[in-house]
Protein chains: 2
Amino acid sequence: MPYTYEYPHPAVTVDGVVFGYDEADLKVLLIQRDQPPYRGKWALPGGFVDMNESLEAAARRELEEETGVTELYLEQLYTFGEPKRDPRERVISVAYYALVKLADHTVRAASDARNVAWFPVANLPALAFDHEEILDVALRRLKGKIRYEPIGFELLPEKFPLSELQRLYETILEQPLDKRNFRKKILSMGLLADTEEIQQDVAHRAARLYRFDEPSYRRLKKAGFNFEL
Amino acid sequence: MPYTYEYPHPAVTVDGVVFGYDEADLKVLLIQRDQPPYRGKWALPGGFVDMNESLEAAARRELEEETGVTELYLEQLYTFGEPKRDPRERVISVAYYALVKLADHTVRAASDARNVAWFPVANLPALAFDHEEILDVALRRLKGKIRYEPIGFELLPEKFPLSELQRLYETILEQPLDKRNFRKKILSMGLLADTEEIQQDVAHRAARLYRFDEPSYRRLKKAGFNFEL
């Protein structure tokens, strides 16, 4: 059944940039397209917004349909609307992003996705549409965010040595950080609580384990902080 | 001539939040609607995206058509897409914002705008659609931004006393700042250059005049900083 309008209308899609963190590797969730255009190409999961759902609900639904991933904390990233970005018609895409602990999410391809996989951000295939640009914007956002908001609660195990949090920062920032400086700064923020336990599974020099102090983490997430690197 | 699609399509608009700064007052540019819905109500300037223009170009065009304002540095703010936000049909709106020196822009209403005016942010009329929410998001963004990016180059006269820059910060943040702390922090950033001149038009206690060091300002704008308040 065709839909008729007095003026031309663009189509609107949502795309999801889901970053996963896993053994000091930053990965992104991609699907292999099973429909034209770009059939067989890897792309960000996403699809058309239904007329009666919000943009975030659409992003959530498409992610679940195509990749099986649910229960994400999605944030709106940016809206991409260059007139020729999709060969089918004028398509404006609202991109969302999320950061997850990779081990918590089982993925399975379905709907328009032939395949689904986590790719290391440092080693990606060519992507369909302008999805490389969308991913670039998401990576820049993540690098900016880490400087004025705590990060890691959703990504690290419950108890972790400081070296693991430092590695998360270094992975996202793609640069080494000075160990002493990092410890000093991160501890001064009141973000972490000492568990008074040490690592159990290491042969020597077992490190002290920390956990995020959840109320303080939430408060700093809301109020923002300044983590000068 | 009607346009026909196999699936329903939303309409897409752009809305512009233009903040103006003027004698320690933060204002926002509003138009009075001359067309239904919300005819006669005040609203953010904006309108439908043409099929062959980018989103930013659409925002720029609508601002010029409805308010006469040109040559803005626009940044994308957020995309608003709740299904019922517009009584006409499903309308998704991509909002942009800009910060200008009010004196630099002459406004005149045209197109769908019956009237155009700068309103103090602290004293606004009721707005059409979800435009109060859009404005709230813009104000929050501005307050966040001021903490990790320099601000003021586009808003202050070429030479200004530090008190004027402090007043700009206080206006945007809606809170008083400690004078000594502010001076110390802002001067330590290497953002300002001493003009070695003093105010000419004051009876006594003429203050030293500063200017933004443009290369340093541009560099800090790009790299970001941490201005703890």
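Counting from 1, residues in each chain are numbered in the order their sequence is written. Chains and ligands are labelled by the order in which they are written, letters from A for the one and numbers from 1 for the other. Predicted model: local features are reported for residues with pLDDT of at least 70 only, side-chain atom pairs are reported and counted for 80 or more only, and whole-chain, interface and lining totals are derived from all residues. Side-chain figures throughout are based on the complete set of non-hydrogen atoms in the structure, without hydrogens or water.

A. Structural detail: the overall build of chain A. Along the backbone of chain A there are 5 helices and 11 strands. Relative to its full complement of 229 residues, chain A shows a buried share of 51%. Here the contacts in chain A between residues at least 6 apart in sequence split such that 66% fall between residues at least 24 apart. Computed with the Shrake-Rupley method and a 1.4 Å probe, the accessible areas treat only the protein chains shown as cover for residues. Put simply, chain A shows about 11,500 Å² of open surface, and 46% of that area lies on carbon and sulfur atoms. Charged side chains of chain A number 32 positive and 38 negative; the gap between the two group centres comes to 5 Å. Runs of H or I in DSSP of at least four residues are treated as helices and runs of E of at least two as strands, each being numbered from the N terminus. Burial here depends on accessible area, computed with a 1.4 Å probe over protein chains only, as a share of the maximum for the residue type. Under 20% is buried, over 50% is exposed, and the range in between is partly exposed. We call two residues contacting when some pair of their heavy atoms lies within 4.5 Å. When charges are tallied, Lys and Arg are placed among the positive residues and Asp and Glu among the negative ones, while His and the ends of the chain are skipped. Note that the charge is assigned to NZ on lysines, CZ on arginines, CG on aspartates and CD on glutamates.

B. Spotlight on the interface of chain B and chain A. In this complex, chain B contributes 38 residues to the contact, which on the side of chain A involves 38 residues. Of the roughly 3,200 Å² buried at the junction of chain B and chain A (both faces included), carbon and sulfur atoms supply 54%. By salt bridge we mean one thing: a side-chain nitrogen of Lys or Arg within 4 Å of a carboxyl oxygen of Asp or Glu. Along the contact surface separating chain B from chain A lie 0 salt bridges. Polar contact is defined as a pair of N or O atoms within 3.5 Å, subject to the rule that within protein one atom must be able to donate a hydrogen and the other to accept it, and that residues adjacent in sequence are counted only when both atoms are side-chain atoms. For the pair chain B and chain A, the number of links is 16 residue pairs in polar contact (both at pLDDT 80 or more). Those elements that provide at least two residues to the side of chain B that touches chain A are β1 (3-5), β2 (11-22), β6 (75-80) and β7 (91-101) of chain B. When residues in the side of chain B that touches chain A are grouped by element, the largest group, 4 residues, is from β6(B). Gly counts as polar in this scheme, as do all residues outside two lists: the nonpolar Ala, Val, Leu, Ile, Met, Phe, Trp, Tyr, Cys and Pro, and the charged Asp, Glu, Lys and Arg. Classifying every residue of the side of chain B that touches chain A gives 21 nonpolar, 9 polar and 8 charged. Once two parts are put together, the accessible area they lose, assessed with a 1.4 Å probe and summed over both, is termed the buried area.

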